[in-house]
Amino acid sequence: MSSLNHCIKFELDIKDENIVFKDYFYKSIKLQKHKIYEAELIQPACPFCGSLALLHNGHLITNIHYPTANASLPVIIRLAKQRVKCRACDHWSMAQSELVNKYCSISNASKLKVLSALTEDRSMTSIASENNVSVNTVQRVLGSCSHRFLDSYEYLPAHLAFDEFKGVDRQLHFICLDGDSHQVVQILRTRYKKTLLKYFGRFSPQARANVKTVTMDLNFYYQDIVRACFPNAQIVIDRFHMIQMLTRSFNSLRVQVMKTFDKRSRQYQLLKSPWKLYLKKFDELEKVHPRYNWHYKDCLTQAQVVTEGINTSTTLENSYNLMQSFIQAVETGNTHELKSLINCQDQIGTLMHKTLLTFKHNLTAVLNGAALPYSNGCLEGFNRKIKQIERTAFGYSNFTNLLTRIRLEEDLYKENILT
């Protein structure tokens, strides 16, 4: 019996000396084969006074779900917990073990395995199926670790990044990242100005004064929040959003010019089919090897296509040259060239003119975006990861569960999950 007990403990990796295994067998439960281990949990001393004078009064049989490498053969430990009465202090008690919590039939090892699986991009249904537990059990494990993420209002990183993402009930939630370590600082249920001012107002003046830059898109009230909460912070407009606004303005103008020509004309085909070439940098276009295109029935290089296309309209040509110069100035950090381009007086499209006016109203922040190395690239990548988490779960209806799952899948918590 002692040899069998040690072998089973070694196989299941159980180190509790008060558990004694007696036998094992196979049994079909709900048309599925299970492996059953019979064991007894001994109460060596009174938990109240430590006396060894105990009066035994039967057992409480508990079927405990235990993790196994083979999900098709679930393991159940049929644990008989001793009920005892202390002769010294007259207290009744029942044997307890670290194998399982009191009043619970799911082993702590199974919960740790479920918690480890929750750090991966997997659905709760697949995690429950692999560990032979219910989906409600997986949800309870997820809810039990939400207390790990508490707010501290004594420190803020020197470089922050602001943005929002679509989450529960298709609402927009606010997210803030550390611009250096790319770790999540906070995720709030709403992105309303009142909510953000209240949250950042909780931090100490020293913590808010520590913030040097805040990177964001052109959301107008984010800048008001930065000015109200962070006295030493510079506002940085993300470079990607600036170029995106400019390219969308040019693309809209291209479509307007294209529609002025007949659909069967060469000019229309030059502006329609190779539309992606107009959004690329001119230096990256093919200039040596021409290719035949059946749309405009000619053999041209990519540079020739773009040059001939923009020559159909002076406004389109000016807008294209402005867009190319703007992109180059942003990439090289040439703020003087950028400022002159924003104040350009050439004939350009109406939408592009409005875009330049927007840049002019936020001139300091736009120039900071070109001069400083910080951007919202890390935040956009993290938002993509959040979308994948929501897609895997087919959406979330509980914001707390979504927040906990997001933070569990951060690399920081994945490394320390079992420590």
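All of these numbers come straight from a predicted model, not from anything done at the bench.

### Here's the deal with the overall build of the protein
The helix and strand inventory of the protein stands at 17 helices and twelve strands. Against the 2.2 N^0.38 benchmark of 22 Å for 419 residues, the protein shows a C-alpha radius of gyration of 32 Å, more extended than a compact globule. With respect to the three principal axes, the spread of C-alpha positions in the protein is 100 × 60 × 35 Å. When each of the 419 residues of the protein is scored for burial, the buried share is 45%. Entry remark: accessible area of the protein is about 22,600 Å², with carbon and sulfur atoms responsible for 51%. The distance from the centre of the 53 positive side-chain charges to the centre of the 38 negative ones in the protein is 6 Å.

### A word on the nonpolar core
Phe 162, Phe 200, Val 214, Phe 230 and Phe 326 are the most contacted members of the largest nonpolar core, which has 61 residues in total. Top element by residues in this core is helix H11 (residues 314-332). It accounts for eight residues. When residues no more than four places from it in sequence are discounted, the contact partners of Phe 326 are Met 242, Leu 246, Leu 338, Leu 341, Ile 342 and Phe 359. If you look at the next biggest cluster of nonpolar residues, it comprises 31 residues, including Tyr 37, Ile 106, Ala 128 and Val 138.

### Points about the pairing of strand E2 (residues 32-41)
In terms of burial, E2 is a largely internal element, seven of the ten residues being buried. Sheet analysis places E2 next to strand E4 (residues 75-86), joined by seven bridges and oriented parallel. From the neighbouring strand, Ala 39 faces E4, where its bridge partner is Leu 79.

### Structural notes on the confidence of the model for the protein
The pLDDT averaged across the protein works out to 90; a share of 97% of its residues lies at or above 70. Overall, residues 412-419 carries pLDDT values under 50, and its contacts beyond four positions in sequence, including any with other chains, amount to eleven contacts.

### Topic: the pairing of strand E8 (residues 184-188)
Counting buried residues in E8 gives five out of five residues, a clear majority hidden from the surface. Direction of pairing for strand E7 (residues 172-178) relative to E8: antiparallel, over a ladder of four bridges. Each bridged residue has a counterpart across the sheet, and for Cys 176 the counterpart in E8 is Gln 186.

### A short note on helix H5 (residues 193-201)
Those residues of H5 lying buried are Leu 196, Tyr 199 and Phe 200. The buried residues of H5 all sit within an arc of 90 degrees when viewed along its axis, so they share a single face. Exposed and oriented more than 90 degrees from the buried face of H5 are Lys 194 and Lys 198. In this fold, the buried residues of H5 make contact with strand E6 (159-166), E7, E8, helix H6 (205-209) and helix H7 (220-229).

What counts and how
Residues numbered from 1 in each chain as written. Predicted model: local features only at pLDDT ≥ 70, side-chain atom pairs only at ≥ 80, totals over all residues. Heavy atoms only, no water. Helix = DSSP H or I, 4+ residues; strand = E, 2+ residues; numbered from the N terminus. Rg over C-alpha atoms; globule rule 2.2 N^0.38 Å. Buried < 20%, exposed > 50% of the residue type's maximum accessible area, 1.4 Å probe, protein only. Areas by Shrake-Rupley, 256 points an atom, 1.4 Å probe, with all protein chains shown as cover. Lys, Arg positive; Asp, Glu negative; His and termini not counted. Charge placed at Lys NZ, Arg CZ, Asp CG, Glu CD. Core = buried A, V, L, I, M, F, W, Y, C linked by side-chain atoms within 4.5 Å. Contact = heavy atoms within 4.5 Å. Pairing = 2+ DSSP bridges. pLDDT = per-residue confidence, 0-100. Arc of directions from axis to C-beta.

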